[in-house]
Structures are given as C-alpha cells and as structure tokens.
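If you want the building blocks of each chain, they are given just below.
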Amino acid sequence: MGEWSDVCVLVPTYNEAAAIGDVVDGFREQGFEHVLVMDGGSSDRTREIAREHGAEVRQQTGSGKGQAVREAIALIEQPYVLLVDGDATYRPEDAPAMLDPLLDGDAEHVIGNRFADMEAGAMSRLNRVGNRLINSAFRFVHGRDFADILSGYRAFTTESVRRFALTADGFGIETEMAVECVKHGVPTEVVPITYQSRPDAADTNLNPFRDGAVILLTLYRMAKTNNPLFYFGSIGSLSVLAGIVLGAYVAVEWFTRNISHEVIAILATLAIIFGVQLLIFGVLSDMIVTLHREQLHFIERVASEGRHTAIEGDDAGDSDAGQNGTSERS
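Residues numbered from 1 in each chain as written. Predicted model: local features only at pLDDT ≥ 70, side-chain atom pairs only at ≥ 80, totals over all residues. Heavy atoms only, no water.

### Here we look at the pairing of strand E5 (residues 109–118)
Okay, step 1: Counting buried positions along E5 yields eight of ten residues, so the element is predominantly enclosed.
Okay, step 2: In this sheet, strand E6 (residues 154–157) lies alongside E5 in antiparallel orientation, the contact comprising three bridges. Its bridge partner being in E6, His109 is matched across the sheet by Phe156.
Okay, step 3: Summarising the sheet, E5 and strand E7 (residues 188–195) pair through seven bridges and their orientation is parallel. Paired with Gly112 across the bridge in E7 is Val191. (Buried < 20%, exposed > 50% of the residue type's maximum accessible area, 1.4 Å probe, protein only. Helix = DSSP H or I, 4+ residues; strand = E, 2+ residues; numbered from the N terminus. Pairing = 2+ DSSP bridges.)

### As for the pattern of salt bridges
Side-chain pairs of opposite charge can arise where the charged atoms are in close proximity.
Okay, step 1: Counting across every chain of the model gives twelve salt bridges.
Okay, step 2: The residue Arg58 makes a salt bridge to Glu56 at a minimum N-O spacing of 3.2 Å.
Okay, step 3: A relative accessible area of 36% means that Arg58 is categorised as partly exposed.
Okay, step 4: Salt bridges sharing common partners tie together Glu16, Asp87 and Arg198. (Salt bridge = Lys/Arg side-chain N within 4 Å of Asp/Glu carboxyl O.)

### Examining the UniProt feature "transmembrane region" (unreviewed entry) in the protein
Okay, step 1: Under the present numbering, the feature "transmembrane region" (unreviewed entry) in UniProt falls on residues 229–251 and 263–284.
Okay, step 2: Helix makes up 100% of residues 229–251 and strand makes up 0%, while its end C-alpha atoms are separated by 31 Å. (UniProt positions renumbered as here; feature names shortened; annotations may be inferred.)

### Observations regarding helix H9 (residues 228–257)
Okay, step 1: Compared with the 44 Å implied by 1.5 Å per residue over 30 residues, the 43 Å span of H9 between its first and last C-alpha is a close match.
Okay, step 2: Phi turns positive, to about 55 degrees, at Asn258, one or two residues after H9. (Expected span 1.5 Å × (residues − 1).)

### Side note on a negative patch on the surface
Okay, step 1: A cluster of acidic residues, Glu3, Asp100, Asp104 and Asp106, forms a negative patch on the protein surface.
Okay, step 2: Relative to the helices and strands, Asp106 is located in the loop between helix H4 (95–103) and E5. (Patch = residues over 30% accessible without salt bridge, like charges linked within 9 Å, V, L, I, M, F, W, Y side chains within 5 Å. Areas by Shrake-Rupley, 256 points an atom, 1.4 Å probe, with all protein chains shown as cover. Lys, Arg positive; Asp, Glu negative; His and termini not counted. Charge placed at Lys NZ, Arg CZ, Asp CG, Glu CD.)

### Re the side chain of Glu180
Okay, step 1: Following the sequence through the fold, Glu180 ends up in helix H7 (residues 173–183).
Okay, step 2: We note that Glu180 is buried and unpaired, the nearest opposite charge coming from Lys183 at a distance of 4.1 Å.
Okay, step 3: Setting aside chain neighbours within four positions, we find Glu180 in contact with Phe164, Ala165, Leu166 and Met222. (Contact = heavy atoms within 4.5 Å.)

### Some words on the nonpolar core
Okay, step 1: Core analysis: the largest hydrophobic core is formed by 36 residues, its most contacted members being Phe27, Phe32, Leu82 and Tyr153.
Okay, step 2: Mapped onto this core, the elements with two or more residues apiece are strand E1 (7–13), helix H1 (20–29), strand E2 (34–39), helix H2 (46–52), strand E4 (80–83), H4, E5 and E7.
Okay, step 3: In this view, Leu82 contacts Val7, Cys8, Val9, Leu10, Phe27, Phe32, Ala95, Met98, Leu99, Tyr153, Arg154 and Ala155; residues no more than four positions away in its chain are not counted.
Okay, step 4: If you look at the next biggest cluster of nonpolar residues, it comprises 31 residues, including Cys8, Ile173, Met177 and Val186. (Core = buried A, V, L, I, M, F, W, Y, C linked by side-chain atoms within 4.5 Å.)

### Considering the sheet that holds E2
Either a parallel or an antiparallel arrangement is found when strands of a sheet pair, and the pairing is made through backbone hydrogen bonds.
Okay, step 1: The seven strands are arranged E3-E2-E1-E4-E6-E5-E7 in an open sheet whose pairing can be described as mixed. Where the open sheet ends on each side, the last strands, each with one partner, are strand E3 (56–59) and E7. Each adjacent strand pair in this sheet contributes to an overall mean axis angle of 25 degrees, direction not counted.
Okay, step 2: With four bridges connecting them, E4 and E6 associate as antiparallel partners. By the bridge assignment for E6, Leu83 is matched with Arg154.
Okay, step 3: Most of the contacts of H1 go to E2, to which it runs at about 160 degrees, and overall it touches E1, E2 and E4.
Okay, step 4: Packed onto the sheet, H7 meets E4, E5, E6 and E7 and runs at close to 45 degrees relative to E6. (Axes fitted to C-alpha atoms, helices over the stretch in contact; angles between N-to-C directions.)

### Description of the pairing of E3
Okay, step 1: Pairing between E2 and E3: four bridges, direction parallel. Across the sheet, the residue bridging to Met38 is Arg58, located in E3.

### Some points on the environment of Ala74
Okay, step 1: Mapped onto the fold, Ala74 is located in helix H3 (residues 65–75).
Okay, step 2: Between the C-alpha atoms of Ala74 and Arg162, which are 88 residues apart in sequence, the distance is 8.1 Å.

### Considering H7
Okay, step 1: The buried fraction of H7 is high, at ten of eleven residues.
Okay, step 2: Of the positions making up H7, those classed as buried are Ile173, Glu174, Thr175, Glu176, Met177, Ala178, Val179, Glu180, Cys181 and Val182.
Okay, step 3: Positive phi appears at Gly185, one or two residues downstream of H7, with a value of about 65 degrees.

### Here's the deal with the environment of Thr188
Okay, step 1: Along the chain, Thr188 turns up in strand E7.
Okay, step 2: As for Thr188 and Glu108, which are separated by 80 residues in sequence, their C-alpha atoms are 6.1 Å apart.
Okay, step 3: With residues near it in sequence (within four places) discarded, Thr188 still touches His109, Ile111, Arg144, Phe146 and Cys181.
Okay, step 4: Looking at Thr188, its side chain comes within polar contact range of the main-chain oxygen of Val186, at 2.8 Å. (Polar contact = N/O pair within 3.5 Å; in protein donor to acceptor, adjacent residues only side chain to side chain.)

### A short note on a nonpolar patch on the surface
Okay, step 1: Together, Leu229, Ile244, Ile272, Val276, Ile280, Val283, Leu284 and Met287 make up a nonpolar patch on the protein surface, roughly 670 Å² of accessible area in all.
Okay, step 2: The set of elements that each furnish at least two residues to the nonpolar patch consists of H9 and helix H10 (262–329).
Okay, step 3: It is H10 that provides the largest number of residues to the nonpolar patch, a total of six residues.
Okay, step 4: Within the secondary structure, Leu229 is located in helix H9.
Okay, step 5: Judged by its relative accessible area of 36%, Leu229 is partly exposed.

Now the structure itself:
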C-alpha cells in the first residue's frame with residue numbers, strides 16, 4: 001500500500017473535460033491511489049477522460065457540488081478525504097501540506113487559503129471583492145476567521161464530516177462546511193496554497209452574483225442555529241428601528257400639524273413590541289445553544305476517554321495473555 005492509501009481524493013465535476021485528465025494525473029503522480037470523480041451529469045467527455053486516466057467515476061443522482069459531496073461521503077471508505085475542484089486551479093503538490101495537520105492529529109478539517117499565493121488573473125477583481133465580503137460576513141456572524149471559507153481545496157476526516165448537517169446543493173457547500181466546523185467545534189486549520197488560473201479551454205461554472213447571493217443567504221440561514229442572537233437580533237433590531245421611525249413620524253405630524261395617524265401609531269407600537277420580543281428570544285436562544293455546545297463537548301470528551309480506556313484495557317489484556325502463554329510453555 002502506498003503512502004496515501006488512507007486518503008481519497010474527491011473531485012466533483014461538471015463539464016471539466018479540458019482539465020480533468022491533468023487533475024487526475026497530477027494526484028496519481030503524487031502517489032494517491034484513490035481518486036473519486038463525482039460527476040453532475042456532464043455533457044462533454046469528463047467521465048470518459050477521468051476513467052481513462054485511472055479515476056473511479058460515479059454519476060451523482062442529483063445536481064450541484066453539494067449533492068456530489070454528500071453522496072461521495074456516504075461512499076468513501078478511507079478515513080481521510082482531500083476535496084478538490086476539477087478545473088486544475090489547485091496544485092496536487094500542495095496536497096501533503098493540506099493533509100499533514102490531519103495525519104499529525106492537529107486538526108480534523110483543513111482549508112486551503114488561495115489568497116496566500118494567487119497567480120495573476122486567477123481570480124477576477126469582482127470575485128476578489130465578493131470573497132472578501134463573504135469572509136468578513138462569516139467572521140462577523142460566526143466569530144471565526146478561516147481566511148478563505150469559499151476555497152474548494154479542503155482536507156478532512158471522513159468521520160467528522162459525517163456529523164455535519166449538509167443540505168446545500170451548489171457552491172454553498174463550502175460555506176456550510178465552515179459553519180458546521182464552528183458549530184461542532186471541529187479543530188480547523190488554514191494552510192497557504194497556490195491558486196492557479198484555469199486552463200484556457202476550461203469554462204467556469206461560477207456565476208458571481210447568483211452564487212454570491214446564495215452563499216450570503218446560506219451564511220445568514222445557518223446563523224439561526226449557530227449564532228441565534230445575531231439571527232433573531234438583526235430582525236428584531238430592524239423591527240424596533242422601523243417602529244421608532246414610524247413613531248417619530250406620528251409624533252412630528254401631531255405636534256407640528258395637529259394630525260393624528262392612529263393606524264400608523266398602532267403599527268409602530270406593534271413593530272417595537274415584536275422587535276423587543278425577538279431580541280429577548282435571541283438572547284435566550286443564544287444561552288441554550290451555548291449550553292448545548294458545552295454539554296456536547298463534555299459528552300464527546302467522556303466518550304473519547306472511554307475509548308482510550310477500552311484500548312488500554314485491551315492492550316493490557318493482550319499483554320497478560322501473552323505472559324500467561326509464556327509461563328504455561330515454560
């Protein structure tokens with residue numbers, strides 16, 4: 001068995017015929033025996049080329065990168081997964097650096113930071129701005145700085161990702177994985193990588209505005225269970241602000257023109273009450289989430305200690321059995 005026999009290289013693809021052969025060859029040359037290509041129904045020769053270059057190819061039942069990842073995780077038998085796009089923008093030479101934190105036991109999830117070394121022209125200025133905005137939003141909403149949450153180059157333990165509740169179908173899968181790492185307290189490291197330009201013949205599957213909107217909505221939606229104070233507090237604050245503005249309008253109209261707006265005054269009052277209730281609910285939800293995390297970490301720590309104790313007991317039993325066998329032979 002090779003050095004990387006415990007690693008499966010997972011490559012979600014859709015119409016990547018121009019690059020997939022080089023991607024598969026690159027990782028096989030690095031010594032990776034298991035390369036799994038999950039294809040989303042390509043209309044070109046992506047699947048055929050991947051097979052010709054030695055990859056295992058599966059066609060996913062649905063569409064989108066998120067669906068490909070979910071289906072692949074259920075199939076993969078190796079304990080470690082190296083997730084990479086099929087467009088040849090990520091270097092196979094960076095794979096050892098991505099996997100080292102996992103193999104050393106320092107992390108269970110590793111994100112490749114494209115901004116550490118990005119080739120000229122590899123990302124448009126619009127995409128750079130969008131990435132910076134999304135990373136800033138993630139840091140503000142979820143309280144962690146992963147530098148590049150949209151990176152398609154990731155390494156993780158299969159067991160850790162199977163604990164995640166992944167639902168995104170498209171490119172929102174990277175955002176979901178980052179949020180789930182925070183939510184479950186998964187040890188995560190960021191590793192600098194080189195991000196290359198796409199081959200000239202390879203077309204991008206990204207739509208900056210559509211995918212950016214989906215990612216931001218995913219960030220906000222997942223704040224409901226990871227940062228409920230922000231999720232409910234933001235809505236509550238907007239409701240209170242709207243109520244104050246309406247109330248101020250009613251007051252100005254009454255004092256300056258002696259005109260009363262009873263209906264607007266009622267709406268303003270309801271908006272303020274609703275907003276305050278949401279703020280209180282957000283605070284209570286945040287306390288519950290914090291308590292749940294503490295209990296979950298305690299259970300996981302006890303379970304881990306139990307496994308270690310069982311292993312030590314088995315080792316001691318094997319040692320005693322060996323000694324008894326030696327005494328009997330004597």
